[in-house]
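# Structural features, examined
Spelled out, the chains give:
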Amino acid sequence: MKKIYAEFKEFIMRGNVLDLAVGVIIGGAFQKIIGSLVNDIIMPIITMITGGIDFSNWFIALDGNTYTSLAKAQEANASTLNYGVFLTEVINFLIMAFVIFMMVKTMNSLARKALRKKEEAAEAPTTKICPFCKSEIAIEATRCPHCTSALPNEEEAADEVANK
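All residue numbers refer to position in the chain's written sequence, counted from 1. Totals for whole chains, interfaces and linings use all residues, but because this is a predicted model, local features are given only for residues with pLDDT of at least 70 and pairs of side-chain atoms are given and counted only at 80 or more. The basis for every side-chain value is the complete set of heavy atoms in the structure, and neither hydrogens nor water enter the calculation.

## Observations concerning the overall build of the chain
Put simply, DSSP H or I for four residues or longer makes a helix, DSSP E for two residues or longer makes a strand, and each gets a number counted from the N terminus. Of regular secondary structure, the chain possesses 5 helices and 4 strands. Each helix and strand of the chain, ordered N terminal to C terminal, gives the series α-α-β-α-β-α-β-β-α. Two things to know: the radius of gyration comes from C-alpha atoms, and the globule rule equals 2.2 Å times the number of residues to the power 0.38. Here the C-alpha atoms of the chain give a radius of gyration of 34 Å, more than 25% beyond the 15 Å that 2.2 N^0.38 yields for 164 residues. Viewed in the frame of its principal axes, the chain has a C-alpha envelope of about 100 × 60 × 20 Å. Buried residues are those whose accessible area, probed at 1.4 Å on protein chains only, stays under 20% of the maximum for their type, while exposed residues exceed 50% and partly exposed ones sit between those limits. In the chain, which comprises 164 residues, the share counted as buried stands at 16%. Whether two residues are in contact is decided by their heavy atoms, any of which lying within 4.5 Å being enough. A fraction of 29% describes how many contacts in the chain between residues 6 or more apart in sequence connect residues 24 or more apart. On the chain, the mean spot of the 16 positive side-chain charges and the mean spot of the 18 negative ones are 6 Å from each other. Counted charges follow a simple rule, with Lys and Arg positive, Asp and Glu negative, and His plus the chain ends left uncounted. A single reference atom marks each charge: NZ on Lys, CZ on Arg, CG on Asp, CD on Glu.

What follows is the structure, given as structure tokens:
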């Protein structure tokens, strides 16, 4: 029993299990945000554009009767094929998937920009070439460790190049 407990404890304490748990919790909260964006902002706009079409009342009563709404059919305990509700859910899914795609695309773009900035900062030179012996030396060096020549500072070197 102790061995199973130890294995379980090791399993739970792995980084990827904890990351997954955090991801599921944040994903649940994020789903509510995306759901609200779709239901409270995007779907009303789509309803306005389509002239107020309510897909949720598109159904087929399987008992052969005709009902004015899905709610009336359900009140009568009629079996219904609710293709309008299904269509609404498909549209919601597509809109949610597109919104998530755009958010991930934006985040990836921001991450690439940050990575480029980090790479540019890392690419700053850390060495220079001694103008006398052509050895590679530290950028801060004022004297070459190979030929012991006094090195001109950056301004003097730029003036020297301009005068030639």
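Now that the structure is up, let's keep going.
## Side note on a positive patch on the surface
Grouping into patches uses exposed residues only, defined as over 30% relative accessible area, and leaves out salt-bridged ones; the cut-off is 9 Å for like charges and 5 Å for nonpolar side chains (Val, Leu, Ile, Met, Phe, Trp, Tyr). Per-residue accessibility takes into account occlusion by the displayed protein chains alone, with areas from the Shrake-Rupley method and a 1.4 Å probe. Only one rule defines a salt bridge in this text: a Lys or Arg side-chain nitrogen within 4 Å of an Asp or Glu carboxyl oxygen. A surface patch of positive charge is lined by Lys 105, Arg 112, Lys 113, Arg 116 and Lys 117. Inspection of the secondary structure puts Arg 116 in helix α4 (residues 83-122).

## Quick look at the side chain of Ser 69
Turning to its location among the elements, Ser 69 is positioned in the loop between β1 (60-61) and α3 (70-75). Discounting residues that sit within four places of it in the chain, Ser 69 has contacts with Asn 57 and Phe 59.

## Section: α4
Turn by turn, an α-helix covers 3.6 residues, leaving residues three or four places apart pointing in a common direction. Under the 1.5 Å per step criterion, the end-to-end length of α4 is 57 Å for 40 residues, consistent within 8% with the ideal 58 Å. If you check which residues of α4 are buried, you get Gly 84, Thr 88, Asn 92, Ile 95 and Val 99. Multiplying 1.5 Å by the residue count of a helix minus one yields the expected span of that helix.

## Looking at a nonpolar patch on the surface
The grouping of Val 22, Ile 26, Phe 30, Ile 33, Ile 100, Met 103 and Val 104 at the surface amounts to a nonpolar patch, some 600 Å² of accessible area in total. Elements that contribute at least two residues to the nonpolar patch include exactly α2 (15-49) and α4. Here the nonpolar patch gets 4 residues from one element, more than from any other, and that element is α2. In this structure Met 103 comes out as partly exposed when scored by relative accessible area, which is 37%.

## Remarks on the nonpolar core
The nonpolar core is taken to be a set of buried Ala, Val, Leu, Ile, Met, Phe, Trp, Tyr and Cys residues, with the residues joined through side-chain atoms within 4.5 Å. Within the largest apolar cluster, 6 residues are counted, these being Phe 59, Ala 61, Tyr 67, Leu 70, Ala 73 and Ala 78. Not counting the four nearest positions on each side in its chain, Ala 61 is found in contact with Tyr 67, Ser 79 and Thr 80.

## Brief notes about unusual backbone geometry
Excluding glycine, residues mostly have negative phi values, and the peptide bonds linking residues are mostly trans. At Lys 134, a position not held by glycine, the phi torsion is positive, near 65°. As for its position among the elements, Lys 134 is in the loop between β3 (127-129) and β4 (136-138). A positive phi angle, near 60°, is found at Thr 148, a position not held by glycine. Assignment of secondary structure puts Thr 148 in the loop between β4 and α5 (154-163).

## A closer look at the side chain of Thr 80
Its location among the elements puts Thr 80 in strand β2 (residues 80-81). Here a polar contact means two N or O atoms within 3.5 Å. Within protein one must be a hydrogen donor candidate and the other an acceptor candidate, and residues neighboring in sequence count only if both atoms are side-chain atoms. Of note is the side chain of Thr 80, whose polar atom sits 2.8 Å from the side chain of Asn 82. If near-sequence neighbours (up to four positions away) are discounted, Thr 80 is found in contact with Phe 59, Ile 60, Ala 61, Leu 62, Leu 70 and Ala 73.

## Considering helix α1 (residues 2-13)
End to end, α1 covers 16 Å across 12 residues, agreeing with the expected 16 Å (1.5 Å per residue, within 8%). Of all 12 residues in α1, 0 are buried, a share of ten percent or less.

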